[in-house]
Amino acid sequence: MVTFLAGGTGTPKLLQGAPAVFDPAATTVIANTGDDVELAGHLVCPDIDTVLFSEGGVLDTDRWWGIENDTTNTHTEMADLANKAGFENTPRYLSADAQTSGRQISQWRRFSGVAEFMEIGDRDRAVHLLRTSLLDEGKCLSEVIEILTDAFELDIDLIPMSDDPVATLIHTEAGSESDTAQKRNEANENDETATELMHFQEYWVHNRAEPSIVDVEFRGVDTATPTPMVKTALTDPVVIGPSNPVTSIGPMIAMDEFDSALETTPVIAISPFINDRVFSGPAASLMKAVGFEPSTAGVAEAYSFADAFILDTADQTNLDRPVVRTDIQLNTDSDAKRVLQAVQTAFEKIT
Ligand code: GDP
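Residues numbered from 1 in each chain as written. Predicted model: local features only at pLDDT ≥ 70, side-chain atom pairs only at ≥ 80, totals over all residues. Heavy atoms only, no water.

The protein chain goes by 2-phospho-L-lactate transferase in an unreviewed UniProt entry, where it is assigned to Haloquadratum walsbyi J07HQW2. Annotation of the protein chain in UniProt includes, under Subunit (unreviewed entry), the sentence "Homodimer." (UniProt positions renumbered as here; feature names shortened; annotations may be inferred.)

So, in structure tokens, the structure goes:
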């Protein structure tokens with residue numbers, strides 16, 4: 001049995017080589033839900049869906065999100081209508097009151113569908129509609145994801161980190177006088193001093209990671225708990241694929257029970273860096289903002305519970321824990337297989 005912790009790019013890439021090394025029937029993937037948003041009334045779960053689509057054989061692997069060859073007719077029509085109606089093309093938070101009413105799972109991350117700021121494909125949207133309808137019927141997120149994994153005929157188990165809402169919010173230096181910014185800041189009820197706040201998706205997708213980050217908050221995490229299925233999966237050896245330690249793994253380990261489970265189980269982590277060079281995405285600036293060195297050394301510091309690391313052969317970082325080195329660039333299934341064989345070697349080293 002093995003359990004992977006997944007964000008939206010690194011671990012899904014790694015999983016492409018998994019069947020050659022780990023039995024799919026004995027493989028569980030726990031996905032981050034801090035990046036989820038409610039958009040136009042539909043719950044969008046980017047990290048869960050990348051694994052769902054990838055393992056279901058329909059992922060758009062050029063972008064690593066969405067369904068391959070999907071159309072965007074509804075999204076385009078919505079954008080045209082909003083444009084004709086004179087709306088600014090910018091994310092629009094629902095009012096402060098709406099952030100803590102409606103679907104509990106959507107709290108603190110509820111956006112209007114006017115000027116929809118994420119490009120949602122038509123088939124992709126069908127998944128969000130079905131998911132949200134099942135939630136509205138009274139099912140919890142874990143039950144809904146199980147239904148979707150059956151529909152996409154996954155061989156592995158894919159489960160969300162929690163059935164409770166955890167919203168990854170970025171405090172930034174960027175200011176704005178716009179109506180949307182005002183709504184966003186009204187929604188920031190818990191902290192009257194923070195005036196420039198945006199959901200991670202607004203920071204990453206709409207603002208293309210440009211605003212300077214002051215801090216990262218996982219709103220709701222104090223009362224969120226890992227599900228019973230997650231707790232069981234964390235009793236098996238854990239692999240942390242190359243992930244953003246702040247916004248993909250951060251929301252998971254910010255739950256006390258999750259963090260303490262990792263302390264007691266064997267954990268191998270694959271670096272998303274070679275020395276201080278990140279492969280892709282905003283991991284470096286996010287790590288710097290929360291006080292970690294943006295490098296392999298910083299990842300090791302963030303993962304104090306990890307028992308061993310897989311580093312690139314060109315990575316000269318000296319760590320205080322066992323290391324297995326290989327080429328950690330993941331372009332093909334055979335790259336993923338090679339890295340997972342290194343993971344197996346690392347498990348042998350620590351047990
Ligand atoms: P998301 O895409 O933002 O949801 O983030 P993930 O948590 O999946 O993070 C992706 C991380 O994987 C980034 O920090 C990248 O540096 C890293 N990454 C991307 N491609 C590769 C690769 O080919 N090899 C390795 N080792 N890391 C990678």
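Let us keep going from here.
1. What about the nonpolar core?
Counting residues in hydrophobic clusters, the biggest one holds 50 residues, and the most contacted among them are Leu5, Ile30, Leu234, Ile240, Phe258, Leu262 and Tyr303. In this structure, Ile30 is in contact with Thr3, Phe4, Leu5, Ala6, Ile159, Pro160, Met161, Val230, Ala233, Leu234, Met252 and Phe258, ignoring residues within four places of it in sequence. Core analysis: the next-biggest nonpolar cluster, separate from the first, contains 48 residues, Val58, Phe152, Ala342 and Ala346 among them. (Core = buried A, V, L, I, M, F, W, Y, C linked by side-chain atoms within 4.5 Å. Buried < 20%, exposed > 50% of the residue type's maximum accessible area, 1.4 Å probe, protein only. Contact = heavy atoms within 4.5 Å.)

2. Brief notes about the packing of helix H2 (residues 46-55) against helix H4 (residues 122-136)
Running from N to C, H2 and H4 point in directions that differ by 120 degrees, and their axes come no closer than 12 Å. Judged on the interaxial angle alone, H4 and H2 are oblique. At the point where H2 passes H4, the crossing takes the right-handed sense. Taking contact as the criterion, the partners of Asp49, Leu52 and Phe53 in H2 are, on H4, Asp124, Val127, His128 and Arg131. Looking at side-chain class alone, the contact of H2 with H4 contains three nonpolar, one polar and three charged residues. (Axes fitted to C-alpha atoms, helices over the stretch in contact; angles between N-to-C directions. Helix = DSSP H or I, 4+ residues; strand = E, 2+ residues; numbered from the N terminus. Parallel < 35°, antiparallel > 145°, perpendicular 65-115°, else oblique. Left-handed = near helix turned anticlockwise from the far one by under 90°. Nonpolar A, V, L, I, M, F, W, Y, C, P; charged D, E, K, R; others polar.)

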